[in-house]
Amino acid sequence: MALDDVKIKQLQDTANRLRILSIEATNAAKSGHPTSCASMAEVMSVLFFNTLRYSTKEPKHPSNDRFVLSKGHAAPILYATWAEAGLFPPEEVLNLRKLDSDLEGHPTPRLNFVDVATGSLGQGLSVSAGMAYVGKYVDKCDYRVYCLIGDGESAEGSIWEAMSFSSHYKLNNLCAIFDVNRLGQSEPTALGHKIETYEKRIQAFGFETFVVNGHDVKQVADAFAKASRVTDKPQAIIACTLKGKGFPGIEDRENWHGKPLGDKAKDVVNALKEQLHSANRIPHQLQSPVCKAPNVDLKAVKLSEPPNFKLGDKIATRQAYGDALVKLGRVNDRVYAMDGDTKNSTFSETYKKAFPDRYIECFIAEQNLVGVGIGFGCRARTIPFVSTFACFLSRAFDQLRMGAISQANIKCVGSHCGVSIGEDGPSQMALEDIAMFRTIPGCTVFYPCDAVSTERAVELAAQHHGIDFIRTSRPATPVIYSNDTVFEIGKAKIVKSSGADQCLVIGAGITLHEAIKAADALKTQHGVSIRVMDPFTIKPIDRDAIISNAAECGNRIVVVEDHYPEGGIGEAVAGALADQVNIRIKKLAVHEVPRSGPPDVLVDKYGIGSRSIIAAVHELLA
């Protein structure tokens, strides 16, 4: 929208009103980041009141333009902006950081105008790239995605992973805004105001760049307009700004990060008010969305046909994952798969072959892989399945941690878990992944043991809103379940039992099959009967089934897992039984950094094979 002198003055006044409200809110909270808000005030004014197309009645309408505040510590000015837009009264911003207010210190989706939680820096652009990809290639709707990034957080590698992804896929509907205000939290940033260096780096990653004085309303507006006309690449507005802009005695000074103005607030507010062209707030004429995003039904998702396997057939659960995903894709075209260049190992390539337009290669950049997946799940546009080796998902733990705060809907599938992968050695062995995902609030952790249970785990994950982790294995394992077996989240299965069982053995994935071998050997060679349980989900774990079955087995339990002991299945079981008395538990796990070797040899060497299970049972019985 072209600006005349009247509009320029209105937008400048709005910027200063946003500054004032940010000062008042942080002073009321006695904490916050008013100087970080001040550097981006003109950008926010121009973006929300001259550029964005959105409805205040429906802040998360699927056709709205999107805005992600990656520098989440500047939340007060985001809240002030939505108040200025008329979503809620400006005085409500003064509830910033109060326990009973959703206007938290950093944005979360408890607010209806926030898509993802931010505040752990460097993550916003990956999420924005995911949203932009959905807009361009899935919804095929011309909403645009804007992400405001602090110059300090641009030191994070995840920012550059996201930029590489965005240019590779020519996301011309994505605009990154770099607020280059020179100052970090404890000292000046590495580049300060070396704007030319920022520009060269950003251009090298394939973005169209626009350098502006971030406090010049007309320059900012012109840059946004030019950016919207770029057709073949993402854009970046590089805004040269000053931290604490407009705050006398504070502007561009160190040691003011994350501090309310306190006694200085009154004088600063008065100085800002003196700059207003009009004492009265003028209502803004907002731009409405121009496209109509298609209606989406994510609830209509299930396997196109039930599992179809023969008992005893050997199939790797990672292979069953790929097949199950194809079955989902036949029913719902909003199921998307993405991978970090491991698709021929995770078997996500099976989905790519079936539905090449619904597969996204994210290359070896796991933080961006998960961030993009979280962006894909925003506003309930798709069901994203993200896969790689389970050990590499640890690189994206912070993205997953923030995903829980974001109320994200993302399905993570990690293959190549444990020592059972064999000769590749410990760098490729996920031995911490169950512990990692168990710590994420609301995350469901599936650990299927055969092809049938894997297909059902994939189906249940797709139907469940939230973060899910499916742990798949490299070796082929026998099918032990009939095709019509019903699985539920949080419900264990008993795969071997008798009326004379003396011990309950709990295994999962590879170790469940070791437990079955141990049960057969104990019965035939020693006349000892044991009960074998498959937990199916490690979180939530079936506490009631464990307690009841343990009681029928003399209150003796052996837990065996292809994982380090800390945070794994054994600790999940022990935690579930914390209030129980007289139950003895023996936990078998990998207790040291393993070596390369044949899978069977490693399983036995590290004490999680059938031989070790037999010894543990004898020890409990003794």
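Residues numbered from 1 in each chain as written. Predicted model: local features only at pLDDT ≥ 70, side-chain atom pairs only at ≥ 80, totals over all residues. Heavy atoms only, no water.

### Quick look at the overall build of the protein
The helix and strand inventory of the protein stands at 21 helices and 19 strands. In terms of C-alpha radius of gyration, the protein reaches 28 Å, essentially the compact-globule figure of 25 Å for 622 residues. Viewed in the frame of its principal axes, the protein has a C-alpha envelope of about 90 × 50 × 40 Å. Per-residue burial over the protein gives 61% buried out of 622 residues. Intrachain contacts of the protein at a sequence separation of at least 6 include 79% that bridge at least 24 residues. Here the protein has roughly 23,500 Å² of accessible surface; of this, 48% comes from carbon and sulfur atoms. One way to put it: in the protein the 70 positive side-chain charges average out to a point 1 Å from where the 72 negative ones average out. (Helix = DSSP H or I, 4+ residues; strand = E, 2+ residues; numbered from the N terminus. Rg over C-alpha atoms; globule rule 2.2 N^0.38 Å. Buried < 20%, exposed > 50% of the residue type's maximum accessible area, 1.4 Å probe, protein only. Contact = heavy atoms within 4.5 Å. Areas by Shrake-Rupley, 256 points an atom, 1.4 Å probe, with all protein chains shown as cover. Lys, Arg positive; Asp, Glu negative; His and termini not counted. Charge placed at Lys NZ, Arg CZ, Asp CG, Glu CD.)

### A closer look at the domain arrangement of the protein
What the domain assignment reports for the protein is domain 1 (5-275), domain 2 (313-479) and domain 3 (493-621). Its C-alpha centre places domain 1 at a distance of 52 Å from the equivalent point of domain 3. (Domains from an automatic or database assignment.)

### Focus on the environment of Tyr481
Relative to the elements of secondary structure, Tyr481 occurs in the loop between β13 (476-478) and β14 (493-496). What makes Tyr481 buried here is its relative accessible area of 6%. Leave out the neighbours within four places in its chain, and Tyr481 touches Leu311, Cys449, Asp450, Val452, Ser453, Phe487, Lys493, Val495 and Asp534. A distance of 2.7 Å separates polar atoms of two side chains, one belonging to Tyr481 and the other to Asp534. (Polar contact = N/O pair within 3.5 Å; in protein donor to acceptor, adjacent residues only side chain to side chain.)

### Examining the sheet that holds strand β2 (residues 145-150)
In spatial order, the strands read β1-β2-β3-β5-β4; together these 5 strands make up an open sheet with parallel pairing. Each edge of the sheet is formed by a strand with only one pairing partner; in this case those strands are β1 (66-69) and β4 (208-213). On average, each strand axis in the sheet is tilted by 20° relative to the strand beside it, whichever way the strands run. When β1 meets β2, the two strands line up parallel, connected through 4 bridges. Of the residues in β2, the one forming a bridge with Leu69 is Leu148. The sheet contacts of helix α3 (residues 41-51) involve β1, β2, β3 (174-180) and β5 (235-240), and relative to β2 the element is tilted by about 175°. (Pairing = 2+ DSSP bridges. Axes fitted to C-alpha atoms, helices over the stretch in contact; angles between N-to-C directions.)

### Notes on the packing of helix α1 (residues 5-29) against helix α9 (residues 265-274)
Close contact between α1 and α9 brings their axes to 9 Å; oriented N to C, the two are set at 165°. The orientation of α1 with respect to α9, classified from their angle, is roughly antiparallel. As α1 runs across α9, the sense of the crossing is left-handed. Side by side, α1 and α9 meet where Asn16, Arg19, Ile20, Ile23 and Asn27 of the first sit next to Ala265, Val268, Val269, Leu272 and Lys273 of the second. Class assignment of the residues belonging to the contact of α1 with α9 gives a composition of 6 nonpolar, 2 polar and 2 charged. (Parallel < 35°, antiparallel > 145°, perpendicular 65-115°, else oblique. Left-handed = near helix turned anticlockwise from the far one by under 90°. Nonpolar A, V, L, I, M, F, W, Y, C, P; charged D, E, K, R; others polar.)

### With respect to helix α13 (residues 366-377)
In this model, α13 (12 residues) spans 17 Å end to end at C-alpha, consistent with the 16 Å of a helix rising 1.5 Å per residue. With 11 of its 12 residues buried, α13 lies for the most part within the structure. Looking only at α13, the buried set comprises Glu366, Asn368, Leu369, Val370, Gly371, Val372, Gly373, Ile374, Gly375, Phe376 and Gly377. Arg379 lies just past α13 and shows a positive phi near 55°. (Expected span 1.5 Å × (residues − 1).)

### Topic: the UniProt feature "domain: Transketolase-like pyrimidine-binding" (unreviewed entry) in the protein
UniProt's feature table lists "domain: Transketolase-like pyrimidine-binding" (unreviewed entry) at residues 315-479, given in the numbering used throughout. The distance from the first to the last C-alpha atom of residues 315-479 is 7 Å, and the span holds 39% helix and 21% strand. (UniProt positions renumbered as here; feature names shortened; annotations may be inferred.)

### Examining the state of the cysteines
Using the criterion set out here, one finds 1 disulfide in the structure. Two residues share a disulfide in this structure: Cys141 and Cys291, whose sulfurs sit 1.8 Å from each other. Taking the torsion about the S-S bond as the criterion, the Cys141 to Cys291 disulfide, at about 85°, is right-handed. Of the two residues, Cys141 is situated in the loop between α5 (124-138) and β2 and Cys291 in the loop between α9 and β6 (314-316); the sequence distance between them amounts to 150 residues. What makes Cys141 buried here is its relative accessible area of 5%. The buried category is assigned to Cys291, whose relative accessible area is 16%. (Disulfide = S-S within 2.5 Å.)

### Observations concerning the packing of aromatic side chains
Under the defined criterion, the tally for this structure stands at 23 aromatic pairs. When the centroid spacing of 5.4 Å and the interplanar angle of 80° are considered together, the rings of Phe48 and Phe67 count as edge-to-face. Taken as a pair, Phe48 in helix α3 and Phe67 in strand β1 lie far apart in primary sequence, 19 residues in all. Using a relative accessible area of 11% as the deciding quantity, one classes Phe67 as buried. A centroid spacing of 5.4 Å and a plane angle of 5° characterise the contact between Phe389 and Phe392, whose relative ring orientation is stacked. A network of ring pairs unites the aromatic residues Phe48, Phe49, Tyr54, Phe67, Tyr79, Trp82, Phe88 and Phe113 as a single cluster. Stacked on the ring of Phe355, the Lys or Arg Arg358 has its end atom at 4.0 Å from the ring centre. (Phe/Tyr/Trp six-rings, centres within 6.5 Å; stacked < 30°, edge-to-face > 60°. Lys NZ or Arg CZ within 6 Å of the ring centre and 35° of its normal.)

### Observations concerning the sheet that holds strand β12 (residues 467-471)
The strand order β8-β7-β9-β10-β12-β11-β17 describes an open sheet built from 7 strands, whose pairing is mixed. Since the sheet does not close on itself, it has two edges, and those belong to β8 (359-361) and β17 (537-539), each with one partner. The average angle at which neighbouring strand axes cross in this sheet is 20°, direction not considered. Direction of pairing for strand β9 (residues 383-389) relative to strand β10 (residues 410-415): parallel, over a ladder of 5 bridges.

### Topic: the side chain of Arg379
Relative to the assigned elements, Arg379 resides in the loop between α13 and β9. Judged by its relative accessible area of 17%, Arg379 is buried. At 2.9 Å, the side chain of Arg379 forms a polar contact with the backbone oxygen of His61. Within the local environment of Arg379, its side chain forms a polar contact with the side chain of Asp115, the two groups lying 2.8 Å apart. If we ignore the near neighbours within four places in the chain, the residues touching Arg379 are Pro59, Lys60, His61, Asn64, Asp65, Arg66 and Asp115.

### Details of the pattern of salt bridges
A side chain with one charge can pair with a side chain of the opposite charge if their charged atoms come near. Counted according to the given criterion, the structure contains 29 salt bridges. Arg334 is the partner of Asp139 in a salt bridge, and the nearest nitrogen-oxygen pair spans 2.7 Å. Of this pair, Asp139 sits in the loop between α5 and β2 while Arg334 sits in the loop between α10 (317-331) and β7 (335-339), and the two are 195 residues apart along the sequence. Note that Glu514 is salt-bridged to Lys517, the shortest N-O span being 3.2 Å. Of this pair, Glu514 and Lys517 both sit in helix α17 (residues 510-526), 3 residues apart, which is roughly one turn of the helix. (Salt bridge = Lys/Arg side-chain N within 4 Å of Asp/Glu carboxyl O.)

### Considerations on the pairing of strand β18 (residues 556-560)
Of all 5 residues that make up β18, 4 are buried, and the element is covered over most of its length. Direction of pairing for strand β15 (residues 504-507) relative to β18: parallel, over a ladder of 4 bridges. Directly across from Val505, in β18, lies its bridge partner Val558. Summarising the sheet, β18 and strand β19 (residues 584-588) pair through 5 bridges and their orientation is parallel. For Val558, the partnering residue across the bridge sits in β19 and is Lys586.

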